[in-house]
Amino acid sequence: MLRKHKESVVTADMKPGKVTFYLPSKFLRTWLNERAAIKGFMLYTIFTALYLAHATLRCDWQFGAQTFDTVESVRKKLGVRAFDTITHIDQLVDFLDIDFDRLTTALAASCKDCEVALTDINGDLKDMDMAQFVCGDFASEVGTMDYPTRDCKTADAEYAERPSAKKAPCCLNQTLVQASMSVMVWARFQPEFLEPDFLSPGPLSLADLLAIDNMLREGGPAFDRLPQSKKDLFVQTARHLPPGVKAAGAFLYLSHSVDEGFVVQVIFSRHQRMLGSERRATWRNKVNEPGIVVPLQTFWTHDYRSQHHALTLLKWVFWSWSLLHEILGYYSRNLTLSALAVELLHVYTVFFVFTTVSPVVAELTTAGLTLSQWTMWISINEAAMGLRCFVEGQHMMVGLKIVVLTMKIALYSLGSLIFLTFFMSVVIGLIYGQLFGVLDDNLDPWSWGLARCMVQLVAPGELEQSHMVQDQTAALLFYYLCLFMFRLAFGSFVVAVLVAAFNKARGEIDQYEKHKTSCEAGFERRGRSVLVQENALASAKKKFRRFIGIVWYVLTWCDYGTFVPTMERHLLHLSMAKGDESGMRTMFPEHELAEEFGPQTAMHLVNDFAFEKTGTSDAKEDPQDEAFSL
């Protein structure tokens, strides 16, 4: 919105005949504020562009999509069930016990540079080492971002000789993968099975792991030859297994994993350009529908090949530069802590702090988030940063200024209308669920049902055939009700609010631009270069020097021969000393500027903002005279 404040002209007593030209604080401070805003926009926009470029290079989603297509083509060729179509825990067991082996074997033949890893940890790779993998074709160490290809022949031989929960085999040998899965399960649920001399003399072996699975599958008679203490362990473990289970370790692991909601994370790497699949499942109704699960699969992509150090350095240089510029802006505009507090209490400060701090925090830590969650955080940062560039771009283009001011004016009315639309969308969603929820699983009032109502603000909804079959009268009644209420009524209200706000914004901007260039009563602007007579060549040189001065200001905050934030702060202090609390109503005579900033700076300032007194009487405060500022 445009803010208004009373305005009057404040001048100093002058010695007759010595001072002719004056500098109005309104013109100077408006110019300095607009130029500072443009500089802030340029710096932050460059930082945003670098941040987006860096995030896009790291995300590597285009190459990740190619990897996904490769994996999907192999899966479909094999006829392996898609994870998100799994409905029973037995199918989850088949995935780990059979399908994973088939998929990795076929992928190795179809994709020569593909490497696979399987882990039960839902986290960032840089926080994992090989002890947290079931299997892995590439190596991983905590705290590093380097994942070189492993020597699978050596790694598999070492694991086969002495299985351990502290290491993992590669993913092509399914016997070793199943053994690693068993070791992981027993380390978590029955660590006594892994102790030396438990089934046979010496350390744990592959034969011991196979025997444990076979004994659990066979049941009671297989336990009779064991000592009582070991027999009790097997009996206790067997109670958690259904009859005829194929892979005891995999079943126990999956049943506990579904309790926790996370199954496995499968990672596909192509020269450290990775695609991750986070695979989850929950019980639909564990008590009344035992074994029935609801699967969920999410993906992430990341390029670990290079850290892009040069781009990262450049990105943080512009972030620091932009932040320093904003700090100097607060310093130049506020003489006291109370004035600073008043400015910081503005609602925009929250948005400013978020778009400044959140990108840094996201780069320094993943905060315990998975890579897919961290990617969402980065995406939210990018959206907020883009919005901030849009808002600050109003200082560069009048068109953007109109759009931004229109949205500010319309914010309250739009917010009220959106809230009403949201409320009615939930109501309609609940009604649709009662009528057609049995046939249509996309009627959740808090997700798809809400979205299909809200989208009617911009596009009419469709009349579903399944709804017509269920209840033709209700389907037609609520279809036309939604069409009228959301599309015709609420949608039209949105347009009306924006049009009214646009007209008001145009009027306020026109009034502000008119006032910004208006002269104070009793003064007349003389234009540029009033102190120095210039020919065409000198004028061209001066324009070039002015351009260089703007570049120098962007680099150093210096112009007119002085440090601009300090000069602006000093001008505000002088205005307030004259009784001008706003700092926009003072007329500074040239000799006063020369005393405060030196004759060279005073000459440059008066050359750019020269006014001459045209009347003999001092200008007085006009109660009807109002100044506008954005």
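Rules of the game
Residues numbered from 1 in each chain as written. Predicted model: local features only at pLDDT ≥ 70, side-chain atom pairs only at ≥ 80, totals over all residues. Heavy atoms only, no water. pLDDT = per-residue confidence, 0-100. Contact = heavy atoms within 4.5 Å. Axes fitted to C-alpha atoms, helices over the stretch in contact; angles between N-to-C directions. Helix = DSSP H or I, 4+ residues; strand = E, 2+ residues; numbered from the N terminus. Parallel < 35°, antiparallel > 145°, perpendicular 65-115°, else oblique. Left-handed = near helix turned anticlockwise from the far one by under 90°. Nonpolar A, V, L, I, M, F, W, Y, C, P; charged D, E, K, R; others polar. Patch = residues over 30% accessible without salt bridge, like charges linked within 9 Å, V, L, I, M, F, W, Y side chains within 5 Å. Areas by Shrake-Rupley, 256 points an atom, 1.4 Å probe, with all protein chains shown as cover. Salt bridge = Lys/Arg side-chain N within 4 Å of Asp/Glu carboxyl O. Buried < 20%, exposed > 50% of the residue type's maximum accessible area, 1.4 Å probe, protein only. Pairing = 2+ DSSP bridges. Phe/Tyr/Trp six-rings, centres within 6.5 Å; stacked < 30°, edge-to-face > 60°. Lys NZ or Arg CZ within 6 Å of the ring centre and 35° of its normal.

Asker: Just give me the short version of the confidence of the model for the protein chain, but keep the residues and values in it.
Answerer: Mean pLDDT over the protein chain stands at 84; residues scoring 70 or higher make up 92%. Across residues 616–628, where pLDDT falls below 50, the model places 26 contacts with residues more than four positions away in sequence or in other chains.

Asker: I'd love a proper account of the packing of helix 3 (residues 89–110) against helix 8 (residues 248–260), names of residues and values included.
Answerer: Contact geometry of helix 3 with helix 8 gives a least axis separation of 10 Å together with a crossing angle of 125 degrees. When the axes of helix 3 and helix 8 are compared, the pair comes out oblique. In the crossing of helix 3 with helix 8, the sense of the turn from one axis to the other is right-handed. Listed contacts from helix 8 to Ile89, Asp90, Leu92, Val93 and Leu96 of helix 3 are Ala250, Phe251, Tyr253, Leu254, Ser255 and Val258. Here the residues of the contact of helix 3 with helix 8 are counted per class, giving nine nonpolar, one polar and one charged.

Asker: Can you tell me about a nonpolar patch on the surface, naming the residues and giving the values?
Answerer: A grouping of Phe544, Phe547, Ile548, Val551, Trp552 and Leu555 is seen on the molecular surface, where their side chains present a nonpolar patch of about 620 Å² in accessible area. Position of phenylalanine 547 among the secondary structure elements: in helix 17 (residues 536–556).

Asker: I'd love a proper account of the pairing of strand 2 (residues 21–24), names of residues and values included.
Answerer: Successive residues of a regular strand alternate their side chains across the two faces of the sheet. Of the two faces of strand 2, both are covered, the one formed by Phe21 and Leu23 as well as the one formed by Tyr22 and Pro24. Examined bridge by bridge, strand 2 and strand 12 (residues 610–613) share two bridges and lie antiparallel to one another. Looking at the pairing, phenylalanine 21 lines up with glutamate 612 of strand 12. Across three bridges, the pairing between strand 2 and strand 11 (residues 587–589) is antiparallel. The residue of strand 11 that forms the bridge with proline 24 is methionine 587.

Asker: How would you summarise the packing of aromatic side chains if you had to cite specific residues and measurements?
Answerer: Counting across every chain of the model gives 22 aromatic pairs. Ring centres of phenylalanine 95 and phenylalanine 100 lie 6.4 Å apart, and the angle between their planes is 70 degrees; this geometry places the pair in the edge-to-face category. Overall, phenylalanine 100 belongs to the buried group, its relative accessible area being 2%. Put simply, the rings of Tyr44, Phe47, Tyr51, Trp316 and Trp319 touch in pairs and so form one group of aromatic residues. For the cation-ring pair, arginine 273 lies above phenylalanine 63, with the distance from its terminal atom to the ring centre recorded as 3.8 Å. Above the face of the tyrosine 331 ring, arginine 569 is positioned so that its terminal group lies 4.4 Å from the ring centre.

Asker: Any chance you could break down the environment of leucine 443 for me, citing the residues and the numbers?
Answerer: With respect to the element layout, leucine 443 can be found in the loop between helix 13 (398–436) and helix 14 (448–454). Taking the relative accessible area as the measure of exposure, leucine 443 reaches 6% and is therefore buried. In this structure, the C-alpha to C-alpha distance between leucine 443 and serine 518, residues 75 residues apart in sequence, is 60 Å. Ignoring sequence-local partners within four residues, the contact set of leucine 443 consists of Gly429, Tyr432, Gly433, Phe436, Gly437, Gly449, Arg452 and His467.

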